[in-house]
Amino acid sequence: MGLWRLVWILFMVPVFVHGRISVHFKTGRPLYVALGKTLVLEAIFQKNPEDNIDMVTWDRQREKENVRISGTIHDKRISLEKDNALLRIINISRGDFGTYKVTVTDSNGDQQHNSIEVRMMEQPLKASIANLLECFVDTNDVAQWDTPQFEWLVDGVGVTSQTALLENGRRLNISLVKGENYTCITHSSLGTVTTHFETSKETPTSPCSWPCYKGLIAACVVLALLFVICVIIMKMRRQPKYVPTGVEPANTV
Ligand SMILES: *[C@@H]1O[C@H](CO)[C@@H](O)[C@H](O)[C@H]1NC(C)=O
Ligand SMILES: *[C@@H]1O[C@H](CO)[C@@H](O)[C@H](O)[C@H]1NC(C)=O
Ligand SMILES: *[C@@H]1O[C@H](CO)[C@@H](O)[C@H](O)[C@H]1NC(C)=O
């Protein structure tokens, strides 16, 4: 009898498993969200074409307290999309943290569920602006058998510091190797390429740029012209005086 029961279980169990709808979440677990931000939980249902989903429900469980979220949503912050597969809660507050359980019921009345814990993101995020140069090789997506090797020069001197080189040399931490002229040489079966990147040189900043010089030159030309015109006018005014004075003595004599 025991043997027959075992055989029955071995043959029948896969049939039941086959007909089940499996549920999992799109995101990893546990999930962290900061207060005031939006939480989106999307359940993925894996089912056979002949299986039909009758109902999808969402519950939030916390310290033995279970709250049914779907069905009667009074909270305007909560919405369900994609045939109830996606739960969205905007402006997350402390009361929203806990374990979210999604339950799917198929047309045979079989239920499957999965849970995901949502925790509050408490540590403030740290951000920094990376002082990195990345050597990017555009290969037009052609296939190559090897991976490129990167070589960096700073003002013509090869970089040997392994701490400054990141991602197999693809990136260079320029906080550690300061210079003005950065050169990246890449070698691969597709060829060797050399590129340069220059940081803005600390040249003594002149107070005037080219448009400004053009203005200055124009102003100088205008001034010079005015000067010449003035000189001409003055000469023309004085001429009648000089001529008589030059002639008069001759007349009087
Ligand atoms: C978010 O919720 C808090 C209370 O939890 C409220 O004070 C705040 O005004 C809400 N913000 C928005 C944008 O609705
Ligand atoms: C930068 O350095 C490379 C290698 O030393 C050199 O070939 C290149 O001419 C330099 N570029 C400039 C603008 O100085
Ligand atoms: C680059 O070097 C600076 C200075 O040592 C360091 O603080 C920083 O973490 C490094 N950045 C990376 C991405 O390694």
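The sections below set out a description of the structure shown in this document. (Residues numbered from 1 in each chain as written. Chains lettered and ligands numbered in written order. Predicted model: local features only at pLDDT ≥ 70, side-chain atom pairs only at ≥ 80, totals over all residues. Heavy atoms only, no water.)

### What about the overall build of the protein chain?
Here is step 1: Looking only at helices and strands, the protein chain features 2 helices and 16 strands.
Here is step 2: In the protein chain, buried positions account for 24% of the 253 residues.
Here is step 3: Contacts in the protein chain between residues at least 24 apart in sequence constitute 58% of all its contacts with a sequence separation of at least 6.
Here is step 4: Carbon together with sulfur atoms contributes 59% to the accessible area of the protein chain, which is approximately 18,900 Å² in total. (Helix = DSSP H or I, 4+ residues; strand = E, 2+ residues; numbered from the N terminus. Buried < 20%, exposed > 50% of the residue type's maximum accessible area, 1.4 Å probe, protein only. Contact = heavy atoms within 4.5 Å. Areas by Shrake-Rupley, 256 points an atom, 1.4 Å probe, with all protein chains shown as cover.)

### Points about the site of ligand 2
Here is step 1: The environment of ligand 2 is made up of Gly156, Asn181, Thr183, His196 and Glu198.
Here is step 2: For ligand 2, an oxygen atom lies 2.3 Å from a polar atom in the side chain of Asn181.
Here is step 3: Counting only elements with at least two residues in the shell around ligand 2, the list comes to strand E15 (181-188) and strand E16 (191-198).
Here is step 4: For the shell around ligand 2, the class distribution of residues is no nonpolar, 4 polar and 1 charged. (Near = heavy atom within 4 Å. Polar contact = N/O pair within 3.5 Å; in protein donor to acceptor, adjacent residues only side chain to side chain. Nonpolar A, V, L, I, M, F, W, Y, C, P; charged D, E, K, R; others polar.)

### Structural notes on a nonpolar patch on the surface
Here is step 1: Side chains of Ile217, Val221, Leu225, Ile229 and Ile233 sit close together on the surface and give an oily, nonpolar patch of about 440 Å² of accessible area.
Here is step 2: The topology assignment puts Ile217 in helix H2 (residues 210-252).
Here is step 3: Accessibility expressed as a relative area gives 48% for Ile217, which makes it partly exposed. (Patch = residues over 30% accessible without salt bridge, like charges linked within 9 Å, V, L, I, M, F, W, Y side chains within 5 Å. Salt bridge = Lys/Arg side-chain N within 4 Å of Asp/Glu carboxyl O.)

### Things to note about the environment of Thr103
Here is step 1: One can find Thr103 in strand E8 (residues 98-106).
Here is step 2: When the C-alpha atoms of Thr103 and Asn114 are compared, they prove to be 6.8 Å apart, with 11 residues separating the residues in sequence.
Here is step 3: Aside from chain neighbours lying at most four places away, what touches Thr103 is Met55, Val56, Thr57, Asp59, Gln111, Gln112 and His113.

### A word on empty space enclosed by the protein
Here is step 1: Enumeration according to the criterion identifies 1 cavity of 30 Å³ or more in this entry.
Here is step 2: One number sums up the size of the largest cavity: a volume of about 30 Å³.
Here is step 3: Counting residues per element, the ones that place at least two in the lining of the largest cavity are E8 and strand E9 (111-120).
Here is step 4: In terms of residue class, the lining of the largest cavity is made up of 2 nonpolar, 2 polar and 3 charged. (1 Å grid on protein atoms, 1.4 Å probe; cavity = no way out; pocket = protein on both sides within 12 Å on 5 of 7 lines; lining within 4 Å. Points joined across faces, edges and corners; volume = space filled by probe spheres on them.)

### Observations regarding unusual backbone geometry
Here is step 1: Residues other than glycine seldom take positive phi values, yet Asn91 does so here, at roughly 50 degrees.
Here is step 2: For Asn91, the location among the structural elements is in the loop between strand E7 (86-89) and E8.
Here is step 3: Even without glycine at this site, Glu167 takes up a positive phi of about 50 degrees.

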